[in-house]
Amino acid sequence: MKLLFYAAKTYDKKSFGPVNEKYPDIVIDYIDHELEPITASLAKGYDGICAFVSADVGAQTLTVLKECGVKYVLMRCAGYNNVDVEKAKELGIVVKRVPGYSPESVAELAMGLALAVNRRLYKAYNKVRENDYTLNGLRGVNFYKKTAGIVGTGKIGAAMARICRGFGMKVIAYDVYENPDLKDFVEYVSLDELLGRSDLISLHCPLLDSTYHIINLENIKKMKDGVILVNTSRGALVDTDELIEGIRLDKFLGVGLDVYEEETGNVYEDRSDEIMKHSVTARLLSFPNVMITSHQGFYTMEALEAIAETTLQNMVDASNGVVNGNDCLK
Ligand code: NAD
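Analysis parameters
- Residues numbered from 1 in each chain as written.
- Predicted model: local features only at pLDDT ≥ 70, side-chain atom pairs only at ≥ 80, totals over all residues.
- Heavy atoms only, no water.
- Pairing = 2+ DSSP bridges.
- Helix = DSSP H or I, 4+ residues; strand = E, 2+ residues; numbered from the N terminus.
- Axes fitted to C-alpha atoms, helices over the stretch in contact; angles between N-to-C directions.
- Contact = heavy atoms within 4.5 Å.
- Buried < 20%, exposed > 50% of the residue type's maximum accessible area, 1.4 Å probe, protein only.
- Near = heavy atom within 4 Å.
- Polar contact = N/O pair within 3.5 Å; in protein donor to acceptor, adjacent residues only side chain to side chain.
- Areas by Shrake-Rupley, 256 points an atom, 1.4 Å probe, with all protein chains shown as cover.
- Nonpolar A, V, L, I, M, F, W, Y, C, P; charged D, E, K, R; others polar.
- Domains from an automatic or database assignment.
- Salt bridge = Lys/Arg side-chain N within 4 Å of Asp/Glu carboxyl O.
- Buried area = accessible area lost by both parts, 1.4 Å probe.

A. Just the sheet that holds strand β1 (residues 2-5), in detail. One open sheet accounts for five strands, arranged β2-β1-β3-β4-β5; its pairing is parallel. On the outer flanks of this sheet lie β2 (27-30) and β5 (94-96), each paired with one strand and no other. Mean inter-strand twist for the sheet, computed between neighbouring axes without regard to direction, equals 20 degrees. Both β1 and strand β3 (residues 48-51) contribute to a ladder of three bridges, which runs parallel. Each bridged residue has a counterpart across the sheet, and for Leu-4 the counterpart in β3 is Ile-49. Each of β1 and β2 is contacted by helix α1 (residues 10-20), which is oriented at about 170 degrees to β2, the strand it contacts most. The sheet contacts of helix α12 (residues 301-319) involve β1, β2, β3, β4 (72-75) and β5, and relative to β4 the element is tilted by about 160 degrees.

Written as structure tokens, this is what we have:
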């Protein structure tokens, strides 16, 4: 079986290479190009393609992939909001993903961002490097005995809830389903109550129509003054323009974002020599209480190995017609 691996980075080859040895029936060709309608035609003659969070796996791309004979779309990530699942179904293309490769890898980054913005670690690091040992602008708050509000308590949200409990925080959560594994220490509340009670809000729900811009100005106004907001899930959960307005209203002690609306086109690219002409992100970065990382939640050794293993097993299962729980069905 032949697999075309789009937008391949060196780290992808390093993690998939050794795992591929256990799947000798799969021949992988790695290419730099991102998957989009124009590059989809490169998949001619391949059984499957492998894509990531910034790929455009919309109707047009899928139609070209189908014409090329592609039968399987293997997403090497958990979220699949960039895939037109209905269209894939209509074309008879199987779409699988890696739902739970290492929830702790993302949850630990979420707490890392919360701590970094709380204690302004990015500022502290630079100050000391510049021989500035003053504490100006570095005062934070204790997390101990504060309230953490987790939006979405699936695998990653649950891992974040456990981390927050470890910090001695009271943990409350909002989800459309309650996670029975958390019933001993998590109190489920409405979204409004979570917004009003939390000192730290961490987003872990998927991007759906129902969660698009779940953090908007109206909801920001319901939050406590001095709240910390962390988003490691998907950029469009937060309305960036309204977040900026909320920051200007002095709502936030800190905002930590591993994902943001404008990230497509930036993710994993070096654009340091470019002038950003219309960037909202640049405006966001001008605030002293905002830290942005570039979608690195999944980027730990453990997670990469698990992603490679599951993706290749997904291809084997797809070729055998096995529905294995990793299928993107809606
Ligand atoms: P999951 O499916 O295990 O959990 C998602 C949870 O969100 C579920 O409990 C679900 O009931 C809940 N949910 C659904 N609709 C909701 C709504 N309207 N309001 C509140 N909760 C709702 O998923 P997961 O593995 O925990 O991943 C969560 C998200 O994290 C993914 O969708 C993906 O977007 C993101 N992610 C980011 C990275 C990264 O590198 N930053 C890596 C992996 C995943």
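There's more to say after this.
B. Spatial organisation of the sheet that holds strand β11 (residues 252-257). Strands sit in the order β8-β7-β6-β9-β10-β11-β12 across an open sheet of seven strands; the sheet is parallel. Strand pairing shows two members of the sheet lacking a second neighbour, β8 (186-188) and β12 (290-292), which therefore form its edges. Pairs of neighbouring strands in the sheet enclose a mean axial angle of 15 degrees, with direction left out of account. Its contacts with the sheet place helix α10 (residues 240-248) against β10 (227-231), β11 and β12, and it is angled at close to 150 degrees to β11.

C. Focus on unusual backbone geometry. The phi angle at Ala-7 is positive, at roughly 50 degrees, despite the residue not being glycine. Among the structural elements, Ala-7 can be located in the loop between β1 and α1. With phi around 50 degrees, Arg-120 is a residue other than glycine that occupies positive phi space. Topologically, Arg-120 is positioned in the loop between α5 (103-118) and α6 (121-129). What makes Arg-120 buried here is its relative accessible area of 11%.

D. The arrangement of the site of the ligand in detail. Around the ligand sit 26 residues, and of these Tyr-101, Lys-155, Ile-156, Asp-175 and Thr-232 come closest. One of the backbone nitrogen or oxygen atoms of Ile-156 is found 2.8 Å away from an oxygen atom of the ligand. Thr-232 places a main-chain nitrogen or oxygen 2.9 Å from a nitrogen atom of the ligand. Here the ligand, which alone exposes 870 Å², has 88% of that area covered by the protein. Along the lines of polarity and charge, the residues of the shell around the ligand split into twelve nonpolar, ten polar and four charged. In this structure, the shell around the ligand is formed jointly by two domains, domain 1 (2-101 + 300-319) and domain 2 (103-292), each of which donates at least three residues.

E. Region of interest: the pattern of salt bridges. Tallying each qualifying case throughout the model produces 16 salt bridges. Put simply, Lys-89 and Glu-86 hold a salt bridge, and the shortest N to O gap is 3.5 Å. With Lys-89 and Glu-86 both in helix α4 (residues 85-91) and three residues apart, the pair spans about one turn of that helix. Lys-89 sits in the partly exposed class, given a relative accessible area of 48%. Linking Glu-193 and Arg-197 is a salt bridge whose minimum nitrogen-to-oxygen distance equals 2.7 Å. In this pair, Glu-193 and Arg-197 are both assigned in helix α8 (residues 191-197), four residues apart and thus about one turn of the helix distant. On the accessibility criterion, Glu-193 (35% relative accessible area) is partly exposed. The exposure class assigned to Arg-197 is partly exposed, which follows from its relative accessible area of 27%. Put simply, Lys-170, Glu-187, Glu-193 and Arg-197 are held in one network by salt bridges that share partners.

F. Focus on the domain arrangement of the protein chain. Along its sequence, the protein chain is organised into domain 1 (2-101 + 300-319) and domain 2 (103-292). Taken over C-alpha atoms, the centre of domain 1 sits 30 Å from the centre of domain 2. Contacts between the two partners involve twelve residues from domain 1 and, on the opposite side, ten residues from domain 2. Here domain 1 packs against domain 2, burying approximately 910 Å² in sum over the two surfaces, 57% of which is carbon and sulfur. It is Lys-9, Ser-54 and Asn-81 that lose the most area in domain 1 upon contact with domain 2, and together they represent 42% of the buried surface on that side. Taken together, the connections running from domain 1 to domain 2 amount to one salt bridge. For the salt bridge of Glu-269 with Lys-9, the shortest nitrogen-to-oxygen distance reads 3.5 Å.

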